[in-house]
Amino acid sequence: MVNKRSWRVSLVSDQHPTPNTPDNNRVESVVGSKEHPSNRYPVSTLRPHEHVACVVAPPAKGLGIVNCPIDKRSDPRQPAWSYVKSRDELVVSAQYENPLQYAVSIARALTCERTWQYVLPPERLAGDTTDERPLEDIPHDILRNARCMGYLDDVDFTGVNYVDALRKARDDLLSLTRQLHGVTDDDERQLRSRILRNAHGLMGTTMHLLDLFSVSVTRELRLPFYSRDFHSDGHDNRRRNDLLRFLMTALPISSRYGHYSTQRVLFESRDEKRTSILGAPTSSSEHPIGELIGQWTIVGRGVNRLVPYLEDVLRNPNELQIDGENFTEFRVDFRIESDWMREKATEAVHRMSTRRGRTANRQIVCVLSSFLRSVYDVCRALSALPRLDEPSSTALSTDDCRYAMSTLPPNRILPGATPTQSKIIHALFGSDGPLIQKELAERADVSSQSIRNNREALLLFDIIERADQRYQLTFDIEGGSPVTPWFVKDGITLHDVLRDATRSLLEDEKRLSDLTDSFGSAFYWPTAIEPITDEWSWMPPFIRYVGAYVCEDFFARSLDNGQMGVPTATMTGFGDFPSQTSLSSFNGT
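Keep in mind it's a predicted model, so treat the numbers as computed, not measured. (Residues numbered from 1 in each chain as written. Predicted model: local features only at pLDDT ≥ 70, side-chain atom pairs only at ≥ 80, totals over all residues. Heavy atoms only, no water.)

Visitor: What exactly am I supposed to notice about the packing of aromatic side chains here?
Guide: For any two aromatic rings, the description comes down to two numbers: the centre-to-centre distance and the angle of the planes. Counting across every chain of the model gives 19 aromatic pairs. Centre to centre, the rings of Tyr 257 and Phe 330 are 4.4 Å apart; their planes meet at 10 degrees, and the pair counts as stacked. Of the two residues, Tyr 257 sits in strand β6 (residues 255-257) while Phe 330 sits in the loop between α13 (307-315) and β10 (331-337), which places them 73 residues apart along the sequence. Here Tyr 257 falls in the buried class, since its relative accessible area comes to 2%. Measuring from centroid to centroid gives 5.5 Å for Tyr 545 and Tyr 549, while their planes differ by 70 degrees, and the two rings are edge-to-face. Pair noted here: Tyr 545 and Tyr 549 are both in helix α24 (residues 540-550), with a separation of 4 residues, about one helical turn. (Phe/Tyr/Trp six-rings, centres within 6.5 Å; stacked < 30°, edge-to-face > 60°. Helix = DSSP H or I, 4+ residues; strand = E, 2+ residues; numbered from the N terminus. Buried < 20%, exposed > 50% of the residue type's maximum accessible area, 1.4 Å probe, protein only.)

Right, here's the structure in full:
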């Protein structure tokens, strides 16, 4: 028996190194793997660009909120799975309908046969293929009483036998779901509660097992109809409240302080469970911070509106069991990023271009970032490019960007612009050269009058050019030299472009030099966006377009207090700091 006291310090300080693997984006395409017969709905395989989008969207060990339309899956009971071996990177995905359905689907994906064949095969669990510690060499008290991993009883403990126990737990869980049909209301409520509890347990156990072997796991939660189903009725939307309660259960279960389960130490209310903890973890006042295991990506149209509700429940989480046995004060802090940042676009472009056998430079990132507002769109667009047979140093061109973006629906081009403006740009993406107005109207499926009504903003921000009654994009190729917007020059800032555009739009230019005027005061650095967008509500997508070209840190700044910038990133979490915690620990420095 391991001495509990002797393990306490190492439990908290133990850190698992990230595997040193080559930079390779190959997704293991595992098809034809036979699942257990009890799996009536086989786990599907994510496409490579879907995998990349899922892992690029969230911050490491945090939550990514992606406001992007997604397709409804034909059967929400069918989860999806993908794994990049070179990065030791696993993604499990499911459409969310309700807590039980999503929890069971993710538990199935995490424990599907592909996980045991490709991610944690017997030789890896035995420590034969890496420098990682064999599972059976980790003391049971660490697994059972610190990480609180289940299904360890009655097991002749080896890696293979433990996986067999998890297989049985998965199959038992699926068998329970089939018992839901034909039961009485009271019995159904009890059975649903049991199924959800078992699904949370199986998810948490598998996440802790994968964490022991330093596998990076991203869970995708898909909400194709968030605005319709989860955001009506204000604060009283039942389905949104169920989703928030599910997350506030799942997040602590799949997080840790050293080796200790956050859920068990901070929130467990059952005395018998608290007494089984491997002693109270020693919390350092200098670093009382735990962490999530893996990442979450929540994606769907309008899901950015979930963020304030999520932040609110995190400020008022499950009740801390401060009087419970083995309780210790610590926090689990993580970032919620509710929009994309430039570095996300850069990583998505790099990974997708590498998959296509190409390279990408800064100009390509700027072009894609200016027209697209989601890493999902960037990855989907670049997946349309033909793959070179042999990797090469061939760089992506602006022609490649045009073709890639032309494969997206028009409404994904310059989101926030009018439908006609998006259609005009989309039509020019697919053209071989400048188009006269009649040709452009036909290709965009709009009227010539609609083009005249919507072209001024496109011309003002140099997205399109009009010469000799013909329209073309400003980054088209002429004589082998790329044509870029006028503001793509050293020293030109977003402030300069907005001031120039405002001067063109105002009837009285003198307002810009009058400090008592809202426009005059707006252009004293840092630029204040509210007077501009209050006057011209159509402006934000064009501001983002310019910002992608001229401002390197544009995507990293917030719109707080009306300052110029785009995405919001929040450091949040649950738990509590012990007394005498230093300010540097609170700030995460």
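Visitor: Can you walk me through the layout of surface pockets in this structure?
Guide: Roughly 1400 Å³ of volume is contained in the largest pocket. Surrounding the largest pocket, 48 residues form its lining, Arg 197, His 200, Gly 201, Ile 253 and Arg 270 being those nearest its centre. For the lining of the largest pocket, the secondary-structure elements that each account for two or more residues are α6 (140-146), α7 (159-178), α8 (185-212), α10 (238-253) and α11 (262-267). Grouping the constituent residues of the lining of the largest pocket by class yields 17 nonpolar, 18 polar and 13 charged. (1 Å grid on protein atoms, 1.4 Å probe; cavity = no way out; pocket = protein on both sides within 12 Å on 5 of 7 lines; lining within 4 Å. Points joined across faces, edges and corners; volume = space filled by probe spheres on them. Nonpolar A, V, L, I, M, F, W, Y, C, P; charged D, E, K, R; others polar.)

Visitor: Would you mind going over the pairing of β10 with me for this structure?
Guide: Within a regular strand, the side chains alternate between the two sheet faces. Of all 7 residues in β10, 6 are buried, a share of seventy percent or more. As defined by bridge partners, strand β2 (residues 63-67) adjoins β10 across 2 bridges and the pair is classed as parallel. Across the sheet, Gly 64 pairs through a bridge with Glu 337, a residue of β10. Pairing geometry for strand β8 (residues 289-292) and β10, over 2 bridges, is parallel. Each bridged residue has a counterpart across the sheet, and for Gly 290 the counterpart in β10 is Val 332. Pairing analysis gives 7 bridges linking β10 to strand β16 (residues 569-575), with the strands arranged antiparallel. By the bridge assignment for β16, Val 332 is matched with Phe 574. (Pairing = 2+ DSSP bridges.)

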